[in-house]
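Summary of structural features
Read off the chains here:
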Amino acid sequence: MQVTRDITAQKRAETELRRSEALKTFILESAPDAILLIDLEGKIREWNPAAQKIFGYAREQALGQSPVSLIAPVRQRKLYRDGLTYYLMTGAASLMEQPVELKLRRADGSEFDAEMSVSRNYGEWPSRYTAIVRDITGRKKAEAALRESEERYRMLIEDVKDYAIYMLDPEGLVTTWNTGAERIKGYTAAEVLGQPFSIFFTYEDIVRGLPGQLLQAAERDGQSVHNGLRVRKDGSRFWTQDIITALRDAEGKLRGFSKVAHDVTRQKELDEKILQLNEELERRVAERTAQLEVTNQELEAFSYSISHDLRAPLLRISGFADILRSEAAANLDEKHLKYLQTIVAGAQQMSQLIDALLDFSRTGRTEMREATVNLAALVEDAQHELRRDIEGRDIVWRIGELPGTRGDPVMLRQVIINLLSNALKYTRPRRRAVIEIGSQTEAGETVYFIRDNGVGFDMNYVGKLFGVFQRLHSARDFEGTGIGLANVRLILRRHGGRVWAESRLDKGATFYFTIPNSTEGVSP
Amino acid sequence: MKTSKWILLAEDDPQIAELTMFALAPEDLACEVLVVPDGQAALDCIYHRGEFLAHAGGQPLFVLLDLKMPKVDGLEVLRQIKSDPQLKNIPVVIFSSSREPSDIVHSYELGVNAYVVKPVDFQQFNDTVKNVRRFWAETNEPPAELPPVTVAVELAGDEPLRAAAGAS
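Residues numbered from 1 in each chain as written. Chains lettered and ligands numbered in written order. Predicted model: local features only at pLDDT ≥ 70, side-chain atom pairs only at ≥ 80, totals over all residues. Heavy atoms only, no water.

Brief notes about the interface of chain B and chain A
- Tallying the contact residues gives 26 residues for chain B and 27 residues for chain A.
- Carbon and sulfur atoms supply 56% of the area that chain B and chain A bury against each other, a total of about 2400 Å² over both sides.
- Three residues stand out in chain B for area buried against chain A, namely B:Lys68, B:Glu100 and B:Val120, and they jointly supply 27% of the buried area on that side.
- Joining chain B to chain A, the criterion identifies 2 salt bridges. (Contact = heavy atoms within 4.5 Å. Buried area = accessible area lost by both parts, 1.4 Å probe. Salt bridge = Lys/Arg side-chain N within 4 Å of Asp/Glu carboxyl O.)

Some details on the sheet that holds strand 16 (residues 509–514) of chain A
Residues and elements named next belong to chain A.
- Overall, mixed pairing links the 5 strands, which are arranged 11-13-14-16-15 in an open sheet. Both edges of this open sheet fall to strand 11 (395–399) and strand 15 (498–503), since each of them pairs with a single strand only. Strand-to-strand twist of the sheet, defined as the mean angle between neighbouring strand axes without regard to direction, takes the value 15 degrees.
- Judged from the 6 bridges that link them, strand 15 and strand 16 form a sheet pairing that is antiparallel. Its bridge partner lying in strand 16, Trp-500 is registered against Tyr-512.
- Contacts from helix 16 (residues 484–494) reach strand 15 and strand 16 within the one sheet, and its direction differs from that of strand 15 by about 140 degrees. (Pairing = 2+ DSSP bridges. Helix = DSSP H or I, 4+ residues; strand = E, 2+ residues; numbered from the N terminus. Axes fitted to C-alpha atoms, helices over the stretch in contact; angles between N-to-C directions.)

A short note on the sheet that holds strand 1 (residues 6–10) of chain B
All names here are of chain B.
- Strand order in the open sheet formed by 5 strands is 2-1-3-4-5, and the pairing between neighbours is parallel. At either end of the open sheet lies a strand with only one pairing partner, and these are strand 2 (32–36) and strand 5 (114–117). On average, each strand axis in the sheet is tilted by 20 degrees relative to the strand beside it, whichever way the strands run.
- One ladder, built from 3 bridges, connects strand 3 (residues 63–65) with strand 4 (residues 92–96); its direction is parallel. When the sheet's bridge partners are listed, Val-63 is paired in strand 4 with Val-92.
- On the sheet, helix 3 (residues 39–46) packs against strand 1, strand 2 and strand 3 and is oriented at approximately 160 degrees with respect to strand 1.
- On the sheet, helix 6 (residues 122–139) packs against strand 1, strand 3, strand 4 and strand 5 and is oriented at approximately 175 degrees with respect to strand 4.

Now the structure itself:
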């Protein structure tokens, strides 16, 4: 019984041992960290697959080697060996139970960052120490990158000169300070760190609790923006735009605030200047408009009085000359009758001039009425209107494409009539007149033209062409009041369009005009 | 003024008044023309008041009224005549050198019987005045044989407004 029980116990112990060995082997083989077992002579007694992978030495190459000669960087071998000897001899706690970061060497000679912890074994293992090595190259790189990024960020912020950028703790005390802050506010970092940020506010703002309100708003809404006056160290004030952003940690706990302030004094001054200039401009426009209104009223009164007062004397001239002729005809000879006739004719001509001038003044005063205008129809209409100048003459008409437009139909009709009437008038000496009416597109703009083969004019005087009472031909050759083209120009100007002319003496003339609302879409 | 047939002419320009008189030739009609130099006098005359208190000639055959006159202008005279039930049947002809659309429209709004533009040429003037006289003083009906005296005024884009002393 005893024996049996002993055997059973021994067997159970053996089974237990095997299971323990199997577990250790499993741990050794599956651990992601390199596990080295080192005996009391400082030789490697175990080298797991992770160690093989991390260092590049096979188990057979590593077993029995000194870890220092195997994995310590060449230049630090002595240091490491002394250290290991020291640790092995003394069992000093500094390396024990507490991981250290150090450089280790791979089989190919490259070095890497490692974290190593060494612990003393208390089992029946032939080795005395276990070293666990973790490759922390990735972690180190990440840390370095983070440090670098933080450094870069810090330098960036510190070097910003136009913006005061600084941090506040949750209580509103200044924790960082950049160059811009120093430049704008006048405080050095040493003077301001740990101070409440309310020192930058005006007395009035402090009294009404603005600094606290801004922080509360930022805490509540994530950000608060405020434009207002702030105070520099020297007491002077400046306009700023403050942006306060609440900073929270991963758990959402308030860690503090970042504050970006921009000195907008100059901007503000410019804004005020612009505002002032605008007001000035508006005032002057209003003044000018009032003046123009007065001028317009005066002009209207002027035209009105011309229409009344200039006609009456003409009627007297015409009337009494006529009565004189009829009553004294018996006593007058041919010559004197002709004088009287000249007086009457002069009065008539003056009356026509007055009418033309009044028409011109009315063109400028009449309110425009916009409609769709079919220019091709206007040309036909004008031909009908001018039929007395057309009948009995040999005229070749070349009428091209005339896109429609928006405009005042009555006024544009006058334009076409005046231009056509001119073309008819100045082609009169031609046995066969050729009048061309059409349009072309120049730089996306429809340009209408009326071309004739008439007597033309000298381009040196083109500047006079569109003036009131300006005539380039004598009244003996070509009748007219000198108002027609002035009217054309006035009407087109009122439409926002232009008119110009090209000619050579005796080589015909072309009149061009544009109306801004011309569209290819509205076709005749 | 004992005669019952008379025409009132309101015209501030004495020479134009003389030419108008010449054209009206009242002696042909056995009719008198009373000439006044302003609107105030025209109204006094129609209402038989002021210096016209003793004037017992009744109502004129028609009133030939200039627009632009001192004191009271033609439009005001027209307005007063046409808004008085006793007087509104008196024919009023505006005879003005103005072709301003505003004057013409305004006159018609106030109920003018005809708006006639003064021709500057005296022969036309003469014909026009004679037509006016013939229509408003003699027939008061459009005489068929006479060419109508027509004034066409273009009112910026509208159909021509025709003001006729004869027929149109």
